[in-house]
Amino acid sequence: MMDAITLEIYRHRFNGIAEEMGLTLKRTAYSPNIKEREDFSCAIFYGTGKLVAQAAHIPVHLGAMPDCIEKTLAAIDVWQENDVVILNDPFEGGTHLPDITMVSPVFLDSDLPDFFVASRAHHADIGGMTPGSLPLSTEIFQEGLIIPPVKIHQQGVPNESLLKLILRNVRTPDERKGDLSAQLAAHATGERRIHDLCEKYGKKEITAYATNLQNYSERMATAAISSWPDGSAVAEDFLEFVDQDELKLIRIIVKITKADDKICFDFAGSDKQGMHALNAVRSITKSACYYVVRCLLDDDIPDNDGCFRNVEIITEKESLLDASAPHAVAAGNVETSQRIVDVLLLALHKLMPDKIPAASQGSMNNLLIGGTKPNGKAFSYYETIAGGTGAGAHKDGLSGVHSHMTNTLNTPVEALEMNYPFRIKRYQLRGGSGGEGKHRGGEGVIREYEILLPCTITMLSERRETAPWGLCGGENGKVGRNILITTEQEEIILPSKFSRGFKAGECLRIETPGGGGYGDF
Amino acid sequence: MPNNPTLSSPLANKKNKTEILGVDVGGTFTDFVWLKNGSTKIIKELSTPEDPSKAILKGIEKLQISTGCELIHGSTVATNSLLERQGAKTALITSKGFKDVLAIGRQNRPKLYSLEQEAFAPLIGDDLRFELDERIDSDGNILSAIDEDEIRQLAKTLKKMDVESIAIVFLFSFINPAHEILTKNVLQGLMPDINISISSEILPEYREYERSVTTAINSYVQPVVKKYLENLQKQLPINNIRIMQSSGGTIGIDKASRQAARLALSGPAGGVVGAFKAVKSKKHADKVKLITFDMGGTSTDVALCSGNISRSSEGNIAGMPLRLPIIDIHTVGAGGGSIAWVDRGGALRTGPQSAGANPGPVCYNRKGKNITVTDANLISGRLALEDFLPAESNFPEATANTSRAMQTLATKINKSEIATALGVLKVANAKMERAIRRVSIERGFDPREFTLIPFGGAGPMHACDIAENMEINCILLLANPGVLSATGMTMADSTMDKSIAIMKTVDKLLEKPTLLEKPIHLIQQKLEQEFKQSKIFNYSISTELDMRYLGQSFELTVNFSSTVDRTSIKQVEQAFHAEHLERYSFKNENSAVEIVNARVWIKAENTMPPKSISTQKIPKRQVSATNQREIWFDSDKATTVEIFKRETLEAGDCFYGPALLVQYDTTCLIKKGWKCTVDNDLDIWIKR
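Caption draft 1: Focus on the overall build of chain B. In terms of regular secondary structure, chain B is built from 18 helices and 35 strands. Since a compact globule built from 688 residues should have a radius of gyration of about 26 Å, the 27 Å found for chain B is in line with a globular shape. For the C-alpha atoms alone, the extent of chain B along its principal axes is close to 80 × 60 × 60 Å. At a minimum sequence separation of 6, the contacts of chain B that also span at least 24 residues come to 69%. With an accessible surface of roughly 27700 Å², chain B has 49% of that area assigned to carbon and sulfur atoms. Taking the average location of the 84 positive side-chain charges in chain B and that of its 80 negative ones, the two points are 2 Å from each other.

Here you go:
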């Protein structure tokens, strides 16, 4: 029996727990990526593995976290009190290796877990061929240490050997250790709060309302989807793959069919998986679809399993969007996911033109810098750079913000320079990069790094060749540029994806894409 | 936590004040609380938004206040100029390459899931942001020296543009402020009448965006605040005017005119100070553990005090971070005017939309159509129309309209009218409880050990429900909860604070304690100088450190001793481990600990003697009610409860719930199982 009043109260209770977990993780983490940039999510799942509440800062975790629990449940036979499972295997519930997920069971009074709490955080390094573990790889083994779902705590006892093994395989073990403790602290918070709820209101009520909240989100989603026009539409867009200095475009195509209260995304015909890092596991494709649906739902619908019951996603096995082991997947999470969103929006625009904006920058501009500090300690730094968002039928695009599948903060220049051997020379909006239109696309950003010690830089970016498209007569946004400035002040354009040594005194200037414009001007 | 007096000046000034006036300017009313020779007078005047000093002057004349009286003023001038973007024409000067830091912010978009969203306009527009060719590195070394000619060139441009105020923010100025100071001096020489704020003075802490915004905010509101205060000084026949800061302490007009950003979040500060000081006058300070619960028309402010008023530097105003000390207050969008509605998924919701003052709740009978929390209080019998409507109002019509609107809502969730009204209250309470969790449980405090202090128009009505849900067993209803903010002002201490970046590990400081001692001593001297200039000679100094494990990004604030030596540094390291364990349930004693900032507080305790009240024990007397009313606690049946009138209660009186306590500015609901006792200050303790 659902009660409209109690339902609303439980929304606050469950969301409050997920948020509090996130706060603990952020405040106790060590790597800038988690503590400054908030590249993490925390969630509560029902004992069956269905999502109850998620404090998501990162949309790319939206569909991927539930998949992760499903795989973990399949992999772990026996759950005991105070167990903690760790994993990052993209083919066993992960997305790409730097995203380390932890899952803990919460037992209220039965032998089987009643709830699970989980956290996923992007760690700045997990080994592999280049610092930061987002390399230009051709198979997953080059990308770092692969952790299948295994217990890192068994009945409260830490598995020190496993931890030792993990830390020996990463470039910055102290930071990893700190970040893993932060995730554990978040779990402790989540578990404690669920026990508090149970003590106060009884297991029967809280489990009933976990289910009721999911059904509630389903009703909200059904109502919204029903209000969209029926029909079907096809669109395609491309990723940039540089193979021995030759640009090869990789195609993503989708057919969207909307009928009554159901919507289906069919990616049949998209390219096959390949010998590059742009492959995405199916979880990522789901996240991108969920993100687009979620944007079109009401603002404050609780994020849980119920939101997406009316969404069907069809991918072909062993395709770019449903990759299998041992394919490389490092960039699938961060770049391919953005292009999937672009394709979906382009198709949806044909169904509801005034609701869908032009293309945003379409990249996260992943930059990884690694090397050795003068004191002999290794460092590994990761950041993503904002750009312009696409203009819509009613408003201009935003300038210098992250779009779609990520919303991580920047690392303050002062925090960065106090900790790493490089300096930021410019951090500005890139004037004129947004596409013209009745409404203008947002501007990209210019960020210039001066390298103080020899290091390796890896860049995974997109939209360096194919521009973010405008709509309804609006111009395209400008493509991005990665520029090496030599010690002789010579400027050399680098490709969208590169990994190379930099000498002290060299500079790297990243100019991120602007958003597409909307409407005749 | 600040304000542990650790040092007293030998120049003690023992003379107590005899007269003090607190003035809180609100949107509708300006409240006056006047203490003189132990007696209190309270009046309200209609506010005069076009020139707030008019209402203040009227009150002063009515109370016949002498020029020697000290006036403490809480002003929303700074807050409003930020919310309405009505500040001065302000220029920002940054290091070369960084003028857009203010526009990019932290590069995140405001809404996670929204395909088209409103762009956030930076406080200072593109045409008013300038760069100078200078650069200092993270060790404070000058990489690129500043050219004075370039500064002079810039001055010409600024003059031509009729800039009214200037903010200067250079990278790493918190380590080496030389370039900021030089630029300020050169510009000031050429533009003597323009206020110039430099970030190394306003907020000498790392993180360029937050420092830029805080400095920009100061420059933006400074001319407006200065003009306002000058006018006030001219209009009012009072010499000694002090201004409430967001931190809960007061500063003189001069300081407020220069560091105007310190006023920006001062609105809810008075109430918290008032609650804290009221309880402190009854108990030993260490035992003061309270949660303030200020429920107004559209929002509710909650703060927790455990032995002292807890502060934070993570304020937010108009979508911007303000990194100056504020009282740690959590605000949620739920109040008496919050509108109840049923969403597409069938859940009953309240807020964030509010019926405001116009049309207001349905029961105000001003054509409001939407059920609000206040209407739910009426339907469930907690409020009566005669409590708040003028006597000549059409009561039957108001009752019928409210009932009809509640029926409409009830049909949507398939419940009875009463059950729906009770549901609206429950849902609103859930929101407010989440705010209380934020300041208590989420910060490692157990709310069961705390006293709930409700105020604001609607706080006392909801206090028992909230307390029961949070398992709080003690509520304190102060004598005049409707003017607690102005009361708090009469009790506020004079405080100033100053921070300085340290950025060194404990190990390093143990090697060389002077690296900590010197900067602390420096800012302490500056603060003492400022106090002496304002003729304050009796003060205490306290120091706190922002600390973290080396490699973390968020600091915990830990009290520090007055003497800086190896022993005290070791002690504060231990205190940090303990605090980290308490807040985050783990500590790491093997990890290096870093001291990020030191902050020194100087405080002159408010020496106003408390109300003259007899301290002798008054025999308890069970009082009887003046009237009765039917209240619905659950939807099955109504309960008859007794109504007590606050003005008839005397010290020592006691009575039991269920009951209603009615007074001119609020109504308090006391549920079954709670006992009320009036204490010597005529405050009422409600316990179970």
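Next, the rest of the story.
Caption draft 2: Up close: the overall build of chain A. Tallying secondary structure elements over chain A gives 9 helices and 20 strands in all. As displayed, chain A has an accessible area near 16400 Å², and 50% of this comes from carbon and sulfur atoms. Averaged over its 53 positive side-chain charges, chain A has a centre that lies 2 Å from the centre of its 70 negative ones.

Caption draft 3: Representation of a positive patch on the surface. All names here are of chain B. Taken together, the side chains of K283, K287, K620 and K687 make up a positively charged region of the molecular surface. Among the secondary structure elements, K283 is positioned in the loop between α9 (269–280) and β13 (289–295). With relative accessibility at 37%, the residue K283 sits in the partly exposed group.

Caption draft 4: Here's a closer look at the interface of chain A and chain B. Each side of the interface is counted separately: chain A has 83 residues, and chain B has 72 residues. In total, about 6700 Å² of surface goes out of reach between chain A and chain B, with carbon and sulfur atoms giving 53% of it. A per-residue breakdown of the area chain A buries against chain B is headed by I5, R27 and E414 of chain A, which together make up 12% of the total. Viewed at the interface, chain B and chain A are joined by 10 salt bridges. Among the ionic pairs, E314 of chain B bridges to R27 of chain A, the shortest N-O distance being 2.8 Å. Put simply, chain A and chain B have 34 residue pairs in polar contact (both at pLDDT 80 or more) between them.

Caption draft 5: Summary view of the domain arrangement of chain A. All names here are of chain A. Domain boundaries in chain A define domain 1 (4–219) and domain 2 (357–521). Centre-to-centre separation of domain 1 and domain 2, based on C-alpha positions: 30 Å. For the pair domain 1 and domain 2, the summed buried area comes to about 2000 Å², and 63% of that belongs to carbon and sulfur atoms. Put simply, domain 1 and domain 2 have 1 salt bridge between them. Across the pair D174 and K377 runs a salt bridge whose closest N-O atoms are separated by 3.4 Å.

Caption draft 6: Region of the structure containing the packing of helix α1 (residues 52–63) of chain B against helix α7 (residues 208–235) of chain B. Residues and elements named next belong to chain B. Look at α1 against α7: their axes get within 10 Å of each other, and the N-to-C directions meet at 30°. In terms of orientation, α1 lies roughly parallel with respect to α7. Crossing hand, α1 versus α7: right-handed. Along the contact surface, α1 presents P52, S53, I56 and L57, while α7 presents Y228, N231, L232 and Q235. Split by residue class, the contact of α1 with α7 holds 5 nonpolar, 3 polar and no charged.

Caption draft 7: Quick peek at the confidence of the model for chain B. All names here are of chain B. For chain B, the average pLDDT comes to 89, and 96% of its residues sit at 70 or higher. Scored below 50 in pLDDT, residues 1–15 shows 36 contacts in the model against residues more than four places distant or in partner chains. For this predicted complex, the interface confidence score (ipTM) comes to 0.92, while the overall pTM stands at 0.89.

Caption draft 8: Molecular detail of the pairing of strand β20 (residues 338–342) of chain B. Pairing of β20 of chain B with strand β21 (residues 348–354) of chain B, which is carried by 4 bridges, proceeds in the antiparallel orientation. Its bridge partner lying in β21 of chain B, W341 of chain B is registered against R349 of chain B.

Caption draft 9: Structural detail: the sheet that holds strand β10 (residues 262–266) of chain A. All names here are of chain A. In space, the 4 strands of this open sheet follow the order β8-β9-β10-β11, with mixed pairing throughout. Where the open sheet ends on each side, the last strands, each with one partner, are β8 (231–243) and β11 (311–314). Going from strand to strand, the sheet's axes swing by 20° on average, the running direction of each strand aside. Lying over the sheet, helix α7 (residues 282–296) contacts β10 and β11, oriented at roughly 145° with respect to β11.

Caption draft 10: Examining the packing of aromatic side chains more closely. All names here are of chain B. Using the criterion set out here, one finds 19 aromatic pairs over all chains in the structure. Taking 4.9 Å as the distance between ring centres and 70° as the angle between the ring planes, the aromatic pair formed by Y549 and F576 counts as edge-to-face. Taken together, the residues span a long stretch of sequence, with Y549 in strand β25 (residues 540–549) and F576 in helix α18 (residues 566–584) at a distance of 27 residues. Here Y549 matches F576 in class, with each residue buried. Plain terms: the ring middles of F644 and F655 are 3.9 Å apart, the flat faces sit at 20° to each other, and that makes the pair stacked. With F644 in strand β30 (residues 638–645) and F655 in strand β31 (residues 653–656), this pair connects stretches of sequence that are 11 residues apart.

Caption draft 11: Representation of the sheet that holds strand β9 (residues 165–169) of chain B within the structure. Residues and elements named next belong to chain B. If you walk across this open sheet you meet the 4 strands as β6-β5-β9-β10, and the pairing is parallel. Taken across any chain shown, the strands that pair with only one partner, and hence form the sheet edges, are β6 (129–132) and β10 (195–198). For this sheet the average axis-to-axis angle between neighbouring strands, irrespective of direction, equals 20°. Alignment of strand β5 (residues 90–95) against β6, held across 4 bridges, turns out to be parallel.

Caption draft 12: View of the environment of K350 of chain A. All names here are of chain A. Structurally, K350 is set in helix α8 (residues 332–351). Along the sequence, K350 and F141 sit 209 residues apart, while their C-alpha atoms lie 41 Å from each other. A polar atom in the side chain of K350 sits 2.5 Å from the backbone oxygen of V234.

Caption draft 13: Seen up close, the pattern of salt bridges. Tallied over the full model, the rule gives 78 salt bridges over all chains. Among the salt bridges present, the one from R193 of chain A reaches E20 of chain A, with a minimum N-O distance of 2.8 Å. With R193 of chain A in helix α5 (residues 173–201) and E20 of chain A in helix α1 (residues 4–28), the pair connects residues that are 173 residues apart, well separated along the chain. Under the relative-accessibility criterion, R193 of chain A is labelled buried at 6%. E20 of chain A sits in the buried class, given a relative accessible area of 6%. Residue E605 of chain B pairs with K280 of chain B through a salt bridge whose shortest N-O separation is 3.2 Å. Within this pair, whereas E605 of chain B is found in the loop between β27 (593–604) and β28 (621–622), its partner K280 of chain B is found in helix α9, the two being separated by 325 residues in sequence. Taking the relative accessible area as the measure of exposure, K280 of chain B reaches 26% and is therefore partly exposed. Among the charged side chains, a salt-bridge network with shared partners connects D237, R339, D342, E462, R463 and K497 of chain A.

Caption draft 14: Inspection of the nonpolar core at higher detail. Counting residues in hydrophobic clusters, the biggest one holds 138 residues, and the most contacted among them are L21, I56, L158, I166, L187 and L516 of chain B. Considering every element that reaches this core, the biggest residue donor is α7 of chain B, with 10 residues. Grouped together as the second largest cluster of nonpolar side chains are 98 residues, L7, I252, A277 and I356 of chain A included.

Caption draft 15: Seen up close, the side chain of E448 of chain A. By the element assignment, E448 of chain A lies in strand β15 (residues 444–451). Not counting chain neighbours up to four residues away, the residues in contact with E448 of chain A comprise R423, I424, K425, R426, I485, C507, L508 and R509 of chain A.

Caption draft 16: Representation of the environment of H122 of chain A. All names here are of chain A. One can find H122 in strand β5 (residues 115–122). For the pair formed by H122 and F40, sequence separation is 82 residues and the distance between their alpha carbons is 6.2 Å. Sequence-distant contacts of H122, defined by excluding residues within four places in its chain, comprise N33, I34, D39, H96, P98, D99, L134 and Y382.

Caption draft 17: How the structure looks around α7 of chain B. For α7 of chain B, with 28 residues, the first-to-last C-alpha span of 40 Å sits near the 40 Å given by 1.5 Å per residue. Maximal helix bending in α7 of chain B amounts to about 40°, located at Q222 of chain B; proline P223 of chain B follows within four positions.

Caption draft 18: Spotlight on the environment of W469 of chain A. Looking at the secondary structure, you find W469 of chain A in the loop between β16 (455–460) and β17 (481–485). Spatially, the C-alpha atoms of W469 of chain A and G515 of chain A are 7.7 Å apart, while their sequence positions differ by 46 residues.

Caption draft 19: Just the packing of α5 of chain A against helix α6 (residues 203–226) of chain A, in detail. All names here are of chain A. Close contact between α5 and α6 brings their axes to 7 Å; oriented N to C, the two are set at 120°. As far as their axial angle goes, α6 and α5 are oblique. Across the interface between the two elements, I194, L197, C198 and Y201 from α5 touch K203, E205 and I206 from α6.

Caption draft 20: Examining α1 of chain A more closely. All names here are of chain A. Across its 25 residues, α1 extends 37 Å between first and last C-alpha, which sits within 8% of the 36 Å expected from 1.5 Å per residue. Summarising burial for α1: 22 of the 25 residues are buried, a large majority. Capping the start of α1 is the job of one residue whose side-chain oxygen sits 2.8 Å from the backbone nitrogen of I5: D3.

The rules behind each value
Residues numbered from 1 in each chain as written. Chains lettered and ligands numbered in written order. Predicted model: local features only at pLDDT ≥ 70, side-chain atom pairs only at ≥ 80, totals over all residues. Heavy atoms only, no water. Helix = DSSP H or I, 4+ residues; strand = E, 2+ residues; numbered from the N terminus. Rg over C-alpha atoms; globule rule 2.2 N^0.38 Å. Contact = heavy atoms within 4.5 Å. Areas by Shrake-Rupley, 256 points an atom, 1.4 Å probe, with all protein chains shown as cover. Lys, Arg positive; Asp, Glu negative; His and termini not counted. Charge placed at Lys NZ, Arg CZ, Asp CG, Glu CD. Patch = residues over 30% accessible without salt bridge, like charges linked within 9 Å, V, L, I, M, F, W, Y side chains within 5 Å. Salt bridge = Lys/Arg side-chain N within 4 Å of Asp/Glu carboxyl O. Buried < 20%, exposed > 50% of the residue type's maximum accessible area, 1.4 Å probe, protein only. Buried area = accessible area lost by both parts, 1.4 Å probe. Polar contact = N/O pair within 3.5 Å; in protein donor to acceptor, adjacent residues only side chain to side chain. Domains from an automatic or database assignment. Axes fitted to C-alpha atoms, helices over the stretch in contact; angles between N-to-C directions. Parallel < 35°, antiparallel > 145°, perpendicular 65-115°, else oblique. Left-handed = near helix turned anticlockwise from the far one by under 90°. Nonpolar A, V, L, I, M, F, W, Y, C, P; charged D, E, K, R; others polar. pLDDT = per-residue confidence, 0-100. Pairing = 2+ DSSP bridges. Phe/Tyr/Trp six-rings, centres within 6.5 Å; stacked < 30°, edge-to-face > 60°. Core = buried A, V, L, I, M, F, W, Y, C linked by side-chain atoms within 4.5 Å. Expected span 1.5 Å × (residues − 1). Bend = angle between axes of the 7 residues up to and from the residue.

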